[in-house]
2 protein chains.
Amino acid sequence: MELKNFFSPESVAVVGVSRDSNKVGHVIFRNFIDGGFQGKVFPVNPNADQILNHKSYPSVLGIEERIDLAIIAVPAELVLRAIHDCKKKGIRDVIIISSGFKEVGNYALDRKLENLLKKCRIRAIGPNCLGTFDAHTKLDSLFLPRYRLKRPKEGSISFVCQSGAVGSSILDLATEEGYGFSKFASYGNAMDVDESDLLEYLGNDKSTKVICLYIEAVKDGNKFLRIAKKVSRKKPIIAIKGGTTQEGAKATLSHTGSLAGSADIYFGAFRQAGVVRADTLEEMFHYAEILSKCIVPKGNKIQVITNGGGYGILATDCIVKNNLELASFSKDSIKQLRKRLPPLVSISNPLDLIGDATTERYKIALDVCMKEKNIDIILLIALYQTPLITTDIVDVIIEANDMKKKPIAVVSAGGEFTEVLRKNLDENNIPTYTFPEQAVKAIAKLVEYYEKK
Amino acid sequence: MELKNFFSPESVAVVGVSRDSNKVGHVIFRNFIDGGFQGKVFPVNPNADQILNHKSYPSVLGIEERIDLAIIAVPAELVLRAIHDCKKKGIRDVIIISSGFKEVGNYALDRKLENLLKKCRIRAIGPNCLGTFDAHTKLDSLFLPRYRLKRPKEGSISFVCQSGAVGSSILDLATEEGYGFSKFASYGNAMDVDESDLLEYLGNDKSTKVICLYIEAVKDGNKFLRIAKKVSRKKPIIAIKGGTTQEGAKATLSHTGSLAGSADIYFGAFRQAGVVRADTLEEMFHYAEILSKCIVPKGNKIQVITNGGGYGILATDCIVKNNLELASFSKDSIKQLRKRLPPLVSISNPLDLIGDATTERYKIALDVCMKEKNIDIILLIALYQTPLITTDIVDVIIEANDMKKKPIAVVSAGGEFTEVLRKNLDENNIPTYTFPEQAVKAIAKLVEYYEKK
């Protein structure tokens, strides 16, 4: 399905731009101006001549230019009228931010709107939604002010989210953590465009490498399964399901007006479709980090390199618990490492370069591990608190990673000093984690995804 | 056991202070000076007259004043000589930073040192350790430079850690995250003072509210069990065990020279002793956060208050999965909430104050929940991205918490704006989390600890 206008329209009308700066329509319009949207944007408000130095129109019909997308932020009872106007104006795509439909029990209005959209052949995201954000075009229908919700930098993760609040806080958090996004969509009640349509579109979107999905209930199970199968062959889909318990499912009813089905059915469908399942939002982030950055691993044999014994042990425990394999060095690698590393370093897995590890030791370890055929994936733990690791360890890791021979994930934990080095790796396409368990669980999903594919 | 001198000595000798600023002894000595240690500190180096503007002594014997604690950072082969000198000087407590003993297979030297310590009746932490840090007295034997490893602020969490690297990176991370610490000890090979001795001491330490413990192997199982039982009746102990798999256990051998025992035996002992088990370092933090801050809950019935539907649902799922109960409002509370909250808010659990929630709505919800007898614990989710929550929501939450009627845990996720509000709650003794699952798992441990106690 063609959903291009929802992310990169050339011209947008915001319908319902109040002069009150706290109101939803106003915030949206302001975000277009402040956010650097490259297309044209027109405010619609019958009671104003000018808003934020832009000429205001009584309805979309008053705008002379072609409009690719209308964002509707008027009270529920005025939405039908706005849609009629869009139809007359020839607008084919709308985002309906307004709430007050089936999610509050207003089924009559809900049906009317649905019928009208069908009759007019207008494609809609919403109602009762946050809408869309595109980090590249700066299309931004999110009605949350930029000082409260930062927008993420350009990147390759796209996120489809049934819940507006989950979506907005995650976007904000992702910005803080430095994740790069491509597209975001919160589709609310999914009256027309649903999660499957968005999945299909993002599956074909060149700037999206990984699709994250928060769902409570899919609208059409068969459609979802069919599309998810197709898309996950092209790129990873990571999904988290809200309402996996009876009590949680009950709560979804008052949230988006849809009753979540049995968790087992969903999890089964995920498995069947090759969708990577996350159980928490935190996991979703960690999985997206590795799946958006790493190359395809040849197998599941992990080599741990560390300068912290305890971290190496925790990583080892976690590798075993996640049914991954601990790699073993070949005789030749053992010989080389034995020759080039100090006698106190025991050549095993984890390869503990010990507390006085230098950058040079990491270089030797990486050099041998990159060539070793028995190793598929490298989990590199670098605790930067010890003084003999110099900051150019970052270059050593980047150089190894740039060879594109096997995936490398890095674990480091600490404060400011650590954070500078972490960000540097991060920007050079290396997945970074704070705790060994996070990295190992993410590696397990990387392996799982490519095994199934 | 009296371990006071390891944390609040009045005078300290650092033995082996090189003039080379990268060397361990030098870094330790510098940290005493830069860190603001209140007692006296003397550098020992036979080849220098002055170090960092302090008179240097050829051995501890040259120091005229009484010395409460010697920190020994000379090469392994010189440690015995240093201990002899300490004995002559009348020093009863030493921290041996030096490595090169049983952890590298040097069993002969190891036995000699052990016998000498016994003969001299000198209490020792180490060898092969980071030593101790006290956030209150600024005693600091950590040989890691302050620009790489920040020291945490004063607080009530104490951390005993077998692994130096785990300990140091966790201290650094904790500082970054704003956790307050009381005492830290990394005891390395545990030749003399072991985890149980430290536990016992911290159990009696007034400034410690929660004890965190990372262990690979305890030295004396019966002693640990006996002391842990006694201490956990006074205050919570949170323990994480490294080497819970066969492969992980094998790796502990080359780490601290001790073979980790079966995980089941450890987990059984934790249960028996009332020790709260954490499976990851991340969990350990989250549990310490709630156990150091919250009052005793009356039961396990949780009420969720949220302005984000999806977060409420994820929290609900997690409450059920963690065998906690969802609280139900009494008729009277329902009546009050119905009267005071807008009709769109459905009065249930989670109590979803919906996307346009104001601070006032939170105030009403908290007011009723604090009085409701069917609610034992409140999980409050506040996503600050929506504009109608004003920043004084922080005061509303603090006021409710200050009534000390029931524990409140807060979930918020986001960037800068969120972080300011989060820190404010944090400083007012309210546990804060990023994701609902983190908070719920921590609440489960809070309930578990007080049920067993």
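The structure we're discussing is the one just above.
Attention in this report is confined to the structure presented alongside it. As the structure is a prediction and not an experimental result, all values here were calculated from the model.

The rules behind the values
- Residues numbered from 1 in each chain as written.
- Chains lettered and ligands numbered in written order.
- Predicted model: local features only at pLDDT ≥ 70, side-chain atom pairs only at ≥ 80, totals over all residues.
- Heavy atoms only, no water.
- Core = buried A, V, L, I, M, F, W, Y, C linked by side-chain atoms within 4.5 Å.
- Buried < 20%, exposed > 50% of the residue type's maximum accessible area, 1.4 Å probe, protein only.
- Contact = heavy atoms within 4.5 Å.
- Helix = DSSP H or I, 4+ residues; strand = E, 2+ residues; numbered from the N terminus.
- Buried area = accessible area lost by both parts, 1.4 Å probe.
- Salt bridge = Lys/Arg side-chain N within 4 Å of Asp/Glu carboxyl O.
- Polar contact = N/O pair within 3.5 Å; in protein donor to acceptor, adjacent residues only side chain to side chain.

### Observations regarding the nonpolar core
Core analysis: the biggest nonpolar cluster contains 120 residues, and Ile238, Tyr311 and Leu379 of chain A together with Ile238, Tyr311 and Leu379 of chain B have the highest contact counts within it. Not counting the four nearest positions on each side in its chain, Leu379 of chain B is found in contact with Ile302, Gln303, Val304, Ile305, Ala315, Ala409, Val411, Ala439, Val440 and Ile443 of chain B.

### Looking at unusual backbone geometry
Among all residues save glycine, negative phi is the norm, and among peptide bonds the norm is trans. All names here are of chain A. A cis geometry characterises the amide bond from Asn349 onward to Pro350, with omega recorded as 5°. With respect to the element layout, Pro350 can be found in the loop between helix 11 (331-340) and strand 16 (351-352). Here Leu52, not a glycine, exhibits a phi torsion of approximately 50°, which is positive. Among the secondary structure elements, Leu52 is positioned in the loop between strand 3 (50-51) and strand 4 (54-55). Of note, Asn53 is a non-glycine position whose phi angle comes to about 65°, a positive value. Turning to its location among the elements, Asn53 is positioned in the loop between strand 3 and strand 4.

### Some thoughts on the interface of chain A and chain B
Taken residue by residue, the interface counts 68 residues in chain A and 69 residues in chain B. Across the chain A/chain B interface, buried area totals approximately 5200 Å², and carbon plus sulfur atoms make up 66% of it. Broken down residue by residue, the surface that chain A buries against chain B is led by Arg148, Ile313 and Gln385 of chain A, which jointly contribute 14%. Applying the counting criterion to the chain A and chain B interface returns one salt bridge. The residue Lys150 of chain A makes a salt bridge to Glu416 of chain B at a minimum N-O spacing of 4.0 Å. Taken together, chain A and chain B are joined by 26 residue pairs in polar contact (both at pLDDT 80 or more). If you list the elements that add at least two residues to the side of chain A that touches chain B, you get helix 4 (164-177), strand 12 (237-241), helix 7 (246-256), helix 9 (281-293), helix 10 (309-321), helix 14 (416-427) and helix 15 (436-452) of chain A.

### As for the pattern of salt bridges
Scanning the model with the defined rule gives 53 salt bridges over all chains in all. Put simply, Lys371 of chain B and Asp367 of chain B hold a salt bridge, and the shortest N to O gap is 3.1 Å. With Lys371 of chain B and Asp367 of chain B both in helix 12 (residues 359-371), this residue pair falls four residues apart, about one helical turn. For Lys371 of chain B, a relative accessible area of 53% gives the class exposed. Given a relative accessible area of 27%, Asp367 of chain B falls into the partly exposed group. Salt bridges linked by common partners bring Glu10, Arg66 and Asp68 of chain A together as one network.

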